[in-house]
Amino acid sequence: MEKDVLLNGVRITTELPGPNAKKIMAEDEKYLTTSTKSLPVVAYRGQGCYIEDVDDNVFLDFSSGISTTNIGYGNEYVISKVQEQLHKLWHFAGTDFYYEEQVEAAKALIGVSPGSHDKKVFYANSGAESNEASLKLARSYTKRPQFIGFIGGFHGRTMGALSFTASQPVHHEGFFPEMGGVTHIPFPDPYRNPFNIDGYEEPEDLTNAAIDYLEDYVFGKFLPSNDVAAILVEPIQGEGGYIVPPMDFHKKLMELAHENEILYIMDEVQTGFGRTGHFFASEYFGVDPDIMSVAKSIASGIPMGASVVKSKYDFEKSGLHSNTFGGNLLASVSSRATIEEIKNKNMVENARKVGDYLNKRLHELQDKYDAIGDVRGLGLMQAIDFVKNRKTKAHFRGLRDKTIENAYKNGLILLGAGESAIRFIPPLIVNEKQIDEAIDILDNSIKKAL
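Residues numbered from 1 in each chain as written. Predicted model: local features only at pLDDT ≥ 70, side-chain atom pairs only at ≥ 80, totals over all residues. Heavy atoms only, no water.

Cut-off, in case you're wondering: UniProt positions are given in the numbering used here, feature names are shortened, and annotations may be inferred rather than shown by experiment.
Under an unreviewed UniProt entry, the protein chain has the name Acetyl ornithine aminotransferase family protein and belongs to Ferroplasma acidiphilum. The protein chain has a UniProt comment under Cofactor (unreviewed entry) that states "pyridoxal 5'-phosphate". The record in UniProt for the protein chain states the following under Sequence similarities (unreviewed entry): "Belongs to the class-III pyridoxal-phosphate-dependent aminotransferase family."

Okay, structure coming up:
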């Protein structure tokens, strides 16, 4: 298939999954351990917002490799930079030795991160590893043993990060005991929350209820605040349902943290790199976190993660934390090139503009289908939530799952989030025509699923 065909729209030519896909899937099941496979897409190559599978079918990808390929597939500038480095040197352990590419990547990352404080970067290989490093930085600096996390949060599946993850019981099944010292509190979900507050109508009341719960019931009843090293929180809950808290929440929470000399760790693994219409979602909420965990789109799909930390919170001596592949040469070059492309191609602005259009089209579907109880999100991080009844807001997971399946069969790749939501995270280069293409498929998919 010619390269430009991938840019012309969805093209389904076989029953899905196709014969070649079925063969590979069978071998995958035989040779790979059970993981989190969600759709039977067997990818061959990608271009822009489209994925071609091994049977020559072309899909419109509104998953972006789980918000990892934010600049789209096949970006020629990033490819050229990685190829150039590939011919010089692949790896030289930047944690134990030195090379300029890692330094330049760190400077580029610091340059787009929120706040003006002096900062440093620790490079890892994934979001979970980035959070592990962020937690160790906080505990190392404060010498305190306890942490605060949030119900509905997702921070990874390694044992430390898993202790903070609280979005699905299956993540924990069979893995107790986990790391101790983590207390979970409610996240201020405007649509569904234990305080019975309509967060869209009364956002300040919802924020105050969440903050008061931490201050009055947690700190006031059983957990001394001077034992807490850090609060780990997503600016917008991702895997837990794309939950956008009230705009004053993070600022008030960080004020409470700093009053108690508690560090504020923002997990920007899914929300970063232009996804929400700002380079980092922290900027939406007007906060400058003490430590920020990033990954996914940091290197356009080459495995990489990082903790961006205010310099005064750096590890006090060598050996407290390290790894082998963090800041790998190819990943460093790809990360710097990715940041340059996002800036040079105005992708953040496009995410804001086209994200508004996506939100408008999703609200049109909500007007059409009573089963869509909520539309939420910022930029190109949007979601719809399926309900059995708008008054009770009872989750309608079956309809969500059937809609995703129908969309796949018609050439649109989608992912679930939370108990009954679908997330929409296309590459930041998506245009309104492609949004319309996706909405048409989604509309028919819902209609068929009902």
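From this point, the narrative continues.
## Describing a nonpolar patch on the surface
The line we're drawing: The patches described consist of residues with a relative accessible area above 30% and no salt bridge, like charges being joined within 9 Å and nonpolar side chains (Val, Leu, Ile, Met, Phe, Trp, Tyr) within 5 Å. Here the accessible surface of atoms and residues is derived via Shrake-Rupley with a 1.4 Å probe, and residues count as covered only by protein chains that are part of the display. Think of a salt bridge as a Lys or Arg side-chain nitrogen and an Asp or Glu carboxyl oxygen that are within 4 Å of each other. Comment: elements are numbered from the N terminus, with helices defined as DSSP H or I runs of at least four residues and strands as E runs of at least two. A 1.4 Å probe rolled over the protein chains alone gives each residue an accessible area, and that area as a share of the maximum for its type sets the label: buried under 20%, exposed over 50%, partly exposed in between.
Among the surface-exposed residues, L89, F92 and F97 lie close enough to one another that they form a single nonpolar patch of about 270 Å² accessible area. Within the fold, F97 resides in the loop between α3 (76–86) and α4 (100–112). For F97, a relative accessible area of 42% translates into the label partly exposed.

## Here we look at unusual backbone geometry
Cis geometry is found at the peptide bond from L16 to P17, where omega equals -10°. Of note, P17 is situated in the segment before α1 (19–31).

## Here we look at the pairing of strand β5 (residues 146–150)
Keep this limit in mind: A pair of strands is labelled paired if DSSP reports no fewer than 2 bridges between them.
Taken across its five residues, β5 has four buried, putting it largely inside the fold. As paired elements, β5 and strand β7 (residues 228–233) share three bridges and run parallel to each other. Counterpart to I148 in the pairing with β7 is I231. As paired elements, β5 and strand β6 (residues 182–185) share four bridges and run parallel to each other. The partner of G149 across the bridge, within β6, is H184.

## Things to note about the domain arrangement of the protein chain
Note on interface size: it is often stated as the accessible area lost on association of the parts. Spelled out, the test is: Reported domain spans reflect what an automatic or database domain assignment gives. It only takes one pair of heavy atoms within 4.5 Å for two residues to be counted as in contact. As used here, buried area is the combined drop in accessible area, with a 1.4 Å probe, of two parts when they are placed together. Here a polar contact means two N or O atoms within 3.5 Å. Within protein one must be a hydrogen donor candidate and the other an acceptor candidate, and residues neighboring in sequence count only if both atoms are side-chain atoms.
Splitting the protein chain by domain gives domain 1 (19–74 + 347–449) and domain 2 (79–345). A straight line from the C-alpha centre of domain 1 to that of domain 2 covers 25 Å. Of the residues lining the interface, 38 residues belong to domain 1; the matching set on domain 2 comes to 33 residues. Sorting the residues of domain 1 by area buried against domain 2 places M347, L378 and M381 first, and these three jointly supply 25% of that buried surface. The tally of links between domain 1 and domain 2 comes to one salt bridge. In this structure, D385 and R192 form a salt bridge, with 2.8 Å as the shortest nitrogen-oxygen distance. Counting across the domain 1 and domain 2 interface gives 25 residue pairs in polar contact (both at pLDDT 80 or more).

## Quick look at a negative patch on the surface
Applicable threshold: Charged residues are defined here as Lys and Arg on the positive side and Asp and Glu on the negative side; His and the ends of the chain fall outside this count. Charge placement uses NZ in Lys and CZ in Arg. For Asp and Glu, CG and CD serve respectively.
Side chains of D212, E215, D216, E255 and E259 sit close together on the surface and give a patch of like negative charge. Those elements giving two or more residues to the negative patch turn out to be α7 (203–219) and α8 (249–259). For the negative patch, the leading source of residues is α7, giving three residues. Counting through the fold element by element, E259 comes out in helix α8. E259 sits in the exposed class, given a relative accessible area of 61%.

## Section: the layout of surface pockets
In this approach a probe as big as a water molecule rolls over the atoms, and the regions it shows empty are the leftover space. We apply this condition: Put simply, the grid is 1 Å and covers the protein atoms alone, a cavity is a trapped set of points that fit a 1.4 Å probe, a pocket is an open set with protein on both sides within 12 Å along at least five of seven lines, and lining residues have an atom within 4 Å of a point. Grid points are joined across faces, edges and corners, and a volume is the space filled by probe spheres set on the points. Gly is placed with the polar residues, together with every amino acid not listed as nonpolar (Ala, Val, Leu, Ile, Met, Phe, Trp, Tyr, Cys and Pro) or charged (Asp, Glu, Lys and Arg).
Here the second largest pocket defines a volume of roughly 800 Å³. Contributing to the lining of the second largest pocket are 26 residues, with G94, T95, Q102, V121 and F122 lying nearest its centre. Going through the elements one at a time, α4 and β4 (119–124) are the ones with two or more residues in the lining of the second largest pocket. Considering every element that reaches the lining of the second largest pocket, the biggest residue donor is α4, with five residues. Partitioned by chemical class, the residues of the lining of the second largest pocket number 13 nonpolar, eight polar and five charged.

## Examining the sheet that holds strand β11 (residues 372–378)
Threshold: The axes are straight lines fitted to the C-alpha atoms, using for helices just the contacting stretch, and the angles between their N-to-C directions are given from 0 to 180°.
Ordered in space as β11-β12-β15-β14, the four strands form an open sheet in which the pairing is antiparallel. For this open sheet the edge positions go to β11 and β14 (415–417), each flanked by a neighbour on one side alone. On average, each strand axis in the sheet is inclined to that of its neighbour by 30°, with strand direction left out of account. Bridge count for β14 against strand β15 (residues 421–424) is three bridges, and the pairing is antiparallel. Looking across to β15, one finds that L415 is bridged to R423. Each of β11, β12 (381–386) and β15 is contacted by helix α10 (residues 347–368), which is oriented at about 175° to β11, the strand it contacts most.

## Notes on the packing of α4 against helix α9 (residues 329–344)
Note the cut-off: Should the near helix be turned anticlockwise from the far one by less than a right angle, the crossing is left-handed, and should it be turned clockwise, the crossing is right-handed.
Look at α4 against α9: their axes get within 8 Å of each other, and the N-to-C directions meet at 35°. In the packing of α4 onto α9, the handedness of the crossing is left-handed. Residue-level inspection shows E101, Q102, E104, A105, A108, L109 and V112 of α4 in contact with α9, the latter providing L329, S332, V333, R336, I339 and K343. Here the residues of the contact of α4 with α9 sort into seven nonpolar, two polar and four charged.

## Remarks on the pattern of salt bridges
Enumeration according to the criterion identifies 24 salt bridges in this entry. The residue E52 makes a salt bridge to R45 at a minimum N-O spacing of 2.5 Å. The exposure class of R45 is partly exposed, given its relative accessible area of 29%. Residues joined in a network through salt bridges with shared partners are E104, K107, R336 and E340.

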